[in-house]
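# Structure at a glance
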Amino acid sequence: MAEKKKFTLEYEVRSSPRILYSFISEPNGLSQWFADDVNFRDQVYTFTWDDEQQKAKLVSIKENKLVKFKWLDDEPQCYFEMEIVQDELTNDVALSITDFTTDELLAEKKLIWDNQIDYLISVLGA
C-alpha cells in the first residue's frame, strides 16, 4: 500500500471565527456541509454519506480555532484538521485543512475538499 503524505489547503471564508467554528465542530453544523448526517457519542463522531458510515475520534479542539479528527480505521499517523486562521492586520478569515492521502489520490482528495468548502461557503452565505 502506498504511503500517505500530509497536505494542507487554505480557503478564504467570509465569516466570523465563532460562526465558522460551529460549522466545523458541532454535529449539526457539520451535517449541513461535510456529511449527510453526523452523530457524536463518547468523543467519536459518526459521519454518514449515502448510507456509508465512517467514524472519527475527536483528538484535539481549541474553541473558535481548531478541530482535529482521527479516522478510526486509518493509519496511526493520519488525521484531518480544520483550523480557523485570522489575519491580525486585515481580520480576514481562512479555513486551513490538513489531511493525508497517497500521491495517486492527491488531486482527487483536493477536489473533494474544494467542493466541500465551496458548499460550506454557500451554506454560510459568505
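Under an unreviewed UniProt entry, the name given to the chain is START-like domain-containing protein, and the organism recorded is Pedobacter ginsenosidimutans.

Attention now goes to the environment of Tyr79. Looking at where Tyr79 falls in the secondary structure, it is placed in the loop between strand S5 (66-71) and strand S6 (80-86). By relative accessible area, Tyr79 is classed as buried at 17%. Each C-alpha atom, one on Tyr79 and one on Leu124, is 25 Å from the other, the two residues being 45 residues apart in sequence. Sequence-distant contacts of Tyr79, that is, excluding residues within four places in its chain, are made with Lys6, Lys68, Phe69, Lys70, Thr98, Asp99 and Phe100.

On to the pattern of salt bridges. Per the counting criterion, the structure on display carries 5 salt bridges. The residue Asp103 makes a salt bridge to Lys5 at a minimum N-O spacing of 3.1 Å. One end of the pair, Asp103, is in the loop between strand S7 (93-101) and helix H3 (106-124); the other, Lys5, is in strand S1 (residues 5-12), and 98 residues separate them in sequence.

Parameters at a glance
- Residues numbered from 1 in each chain as written.
- Predicted model: local features only at pLDDT ≥ 70, side-chain atom pairs only at ≥ 80, totals over all residues.
- Heavy atoms only, no water.
- Helix = DSSP H or I, 4+ residues; strand = E, 2+ residues; numbered from the N terminus.
- Buried < 20%, exposed > 50% of the residue type's maximum accessible area, 1.4 Å probe, protein only.
- Contact = heavy atoms within 4.5 Å.
- Salt bridge = Lys/Arg side-chain N within 4 Å of Asp/Glu carboxyl O.

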